[in-house]
Amino acid sequence: MSAILARLMEKYPDLGGCEGQIAEAFEALRRTFAGGGKLLLAGNGGSAADCEHVVGELMKGFMSKRPVPAEMRDKLAMYGEAEADYLAGHLQGALPAISLVSQSALSTAFINDVAADMVFAQQVYGYGRPGDALLVFSTSGNSLNVVRAVQVAKAVGLTTIAMTGESGGRLKELCDIAIRVPYTSTPDIQERHLPIYHALCMMLEEAFFG
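Below, the structure is looked at part by part. Fair warning: this is a prediction, and the values are worked out from it, not measured in the lab. (Residues numbered from 1 in each chain as written. Predicted model: local features only at pLDDT ≥ 70, side-chain atom pairs only at ≥ 80, totals over all residues. Heavy atoms only, no water.)

Examining the side chain of Thr 164
And then number 1: Here Thr 164 shows up in strand E4 (residues 159–164).
And then number 2: Owing to a relative accessible area of 0%, Thr 164 belongs among the buried residues under this scheme.
And then number 3: In this view, Thr 164 contacts Ser 138, Thr 139, Gly 141, Leu 171, Ile 179, Arg 180, Val 181, Ile 189 and His 193; residues no more than four positions away in its chain are not counted. (Helix = DSSP H or I, 4+ residues; strand = E, 2+ residues; numbered from the N terminus. Buried < 20%, exposed > 50% of the residue type's maximum accessible area, 1.4 Å probe, protein only. Contact = heavy atoms within 4.5 Å.)

Topic: the pairing of strand E3 (residues 133–137)
And then number 1: Most of E3 sits inside the fold, with five of its five residues counted as buried.
And then number 2: Here E3 shows a buried face lined by Ala 133, Leu 135 and Phe 137 and a second buried face lined by Leu 134 and Val 136.
And then number 3: Bridge count for strand E1 (residues 39–42) against E3 is four bridges, and the pairing is parallel. When the sheet's bridge partners are listed, Leu 41 is paired in E3 with Leu 135.
And then number 4: With five bridges joining them, E3 and E4 adopt parallel strand pairing. If you follow Leu 135 over to E4, its bridge partner there is Ile 161. (Pairing = 2+ DSSP bridges.)

Let's talk about the state of the cysteines
And then number 1: Evaluation of the coordinates by the stated rule reveals zero disulfides.
And then number 2: Cysteine Cys 175 shares no disulfide, and the gap to the nearest cysteine sulfur, in Cys 51, comes to 13 Å.
And then number 3: Of all cysteine sulfurs in the structure, the one in Cys 51 sits closest to Cys 201, which takes part in no disulfide; the separation is 12 Å.
And then number 4: Overall, Cys 201 belongs to the buried group, its relative accessible area being 2%. (Disulfide = S-S within 2.5 Å.)

Remarks on the packing of aromatic side chains
And then number 1: Tallied over the full model, the rule gives two aromatic pairs.
And then number 2: Judged by centre distance (6.3 Å) and plane angle (90°), the ring pair of Phe 33 and Phe 208 falls under edge-to-face. Residue Phe 33 is found in helix H2 (residues 19–34), and its partner Phe 208 is found in helix H10 (residues 186–209); the two are separated by 175 residues along the sequence.
And then number 3: Taking relative accessible area as the criterion, Phe 33 reaches 8% and is therefore assigned buried.
And then number 4: On the numbers, 5.7 Å between centres and 85° between planes, the contact of Phe 137 with Tyr 197 is edge-to-face. Taken together, the residues Phe 137 in strand E3 and Tyr 197 in helix H10 connect sequence positions 60 residues apart.
And then number 5: Owing to a relative accessible area of 1%, Tyr 197 belongs among the buried residues under this scheme. (Phe/Tyr/Trp six-rings, centres within 6.5 Å; stacked < 30°, edge-to-face > 60°.)

The structure is reproduced here in C-alpha cells:
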C-alpha cells in the first residue's frame, strides 16, 4: 500500500471500505497521465468547488515544487536568453486537468439555448479523447448533468471515476470506478471527499514528480 494511502486510512478509519477503489482510481489516473491524456472534472455546488480544488493541486506544485527539466530552460532561452532563468524558475510541472464547471459563457449559453442537463456532456464531447479520464462528484450519485457527462464519456472512450455517497446512485453502475464514502448526509460526504482527492493528488505528484 502507498504510504500516502496508508496515512489516509489511519487518519480516516471510516474510509476503510473505500481503500480498494481509491487505489484503483489512482492507478487509472496514473495510466491516463502516463499515456499523455488529461483529466476532466464535473460536479455541482460544493462538488463544483471540489473540481476546481483538484485542478489547483494537479496543475501546479502541491506538496513539492516540481521544477521543469533543464531542456525546457534551453528551449525558453531561444525566445529570450536574459529571461530564460526567470521563465523556467517560475514554471512548474503540471498534470493536465480541466474543470468543466469553469466555462461560464459556454455553460450559460448551452443551458439557455440547448439543454441544461447536457452542459457537462457537451464539454466532454468537445474536449474528451480516448485515453482521457473523467472524474465526477455527486453526493447522491444521481445528478443528471453529471450522469449525462458520464454516458457521453463512456461512448467517447474515457475512463470514468465517480466520488459519491453511500448509495452510489446511478453513477455506481455507470462508472468504471465508484468511490462511495459511507455517509448519506451531503456535508458528511463532502467532508470525506476532500481528504480522498488530496491523497490521490499527492500520490500522483509522487508518481510523476517524486
